[in-house]
Amino acid sequence: MPTPILTIRNLSAIFQNENGGLHALDNITFNVRAREFVCVLGPSGSGKTTLLRILAGLIPLTSGSFTFGHGEQPSIGMVFQQATLMPWRTVTENIKLPLEVKKIYEATARKKANEMVELVGLQGFEDSLPRDLSGGMAQRVAIARALIHDPDLLLLDEPFASLDALTRERMWTELSRIWQARQKTVIMVTHSINESLFLADRVLVLTQRPGKIKMDMAVDLPRPRNDDIRYTSHFGKLARKLRAAIE
């Protein structure tokens, strides 16, 4: 087995409140290999987003540990449920923001932003403002922005949850294509069984709060995946296994 890029051991998270504390995650342990796409699936309130935010360094864990590689601090890209674009900046300007923060030379930043525009299929919209974009296009910008600094780990927190059903399914294909092109290590939170099976190499199912890992299932579907794979008998079999674990 390849050496894990991410190792999580006995991770727990408790948020203090007047009732003695909200236990969000309990004793979470798993590994993620380099270039692996892992989906975290579970009911509302199971701690999925909490796990992602801990890994991103946005909130502290209560106990346990997580380490990257040999202990070095990785670069992380994160995409939230909403695109969170700056409304006064164009598509290109939003995408290159992380490089501006790092004070990368402007010509280099613009060149990389143009590469990202092409990767996510937004040619012709480089100078558009967020108000002129559809929901799916805005999330493509957010994904491009998260990828532009070539992160070691990409964290996706239900990035398509706010989209209509048809746009959401189109975005599964787009994200799968982008992942195939860049081969990033990805952890994605989702409520959707079909979404997790279409995108992931593995699916982790969490229990109701406090979230524990109830199932760690490999997704043995061939890649690249297209829409037709959702109508195969094996896809249906895997979906039933996940649904049974959630229920």
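Now for a quick tour of the structure. Fair warning: this is a prediction, and the values are worked out from it, not measured in the lab. (Residues numbered from 1 in each chain as written. Predicted model: local features only at pLDDT ≥ 70, side-chain atom pairs only at ≥ 80, totals over all residues. Heavy atoms only, no water.)

### A few points about the pattern of salt bridges
Across all of its chains, the model carries 17 salt bridges by this definition. Glutamate 106 is the salt-bridge partner of arginine 110, the closest N and O atoms lying 3.3 Å from each other. Here glutamate 106 and arginine 110 lie together in helix α4 (residues 106-119), a separation of four residues that amounts to about one turn. Given a relative accessible area of 34%, arginine 110 falls into the partly exposed group. On the accessibility criterion, glutamate 106 (38% relative accessible area) is partly exposed. The salt bridge involving arginine 168 is made with glutamate 195; its shortest N-O contact spans 3.0 Å. (Salt bridge = Lys/Arg side-chain N within 4 Å of Asp/Glu carboxyl O. Helix = DSSP H or I, 4+ residues; strand = E, 2+ residues; numbered from the N terminus. Buried < 20%, exposed > 50% of the residue type's maximum accessible area, 1.4 Å probe, protein only.)

### Some details on the environment of leucine 97
Position of leucine 97 relative to the elements: it lies in helix α3 (residues 97-101). Judged by its relative accessible area of 19%, leucine 97 falls in the buried class. Residues leucine 97 and leucine 52, 45 residues apart in the sequence, show an inter-C-alpha distance of 22 Å. Once you skip the residues sitting within four places of it in the chain, leucine 97 turns out to touch Met86 and Arg89. (Contact = heavy atoms within 4.5 Å.)

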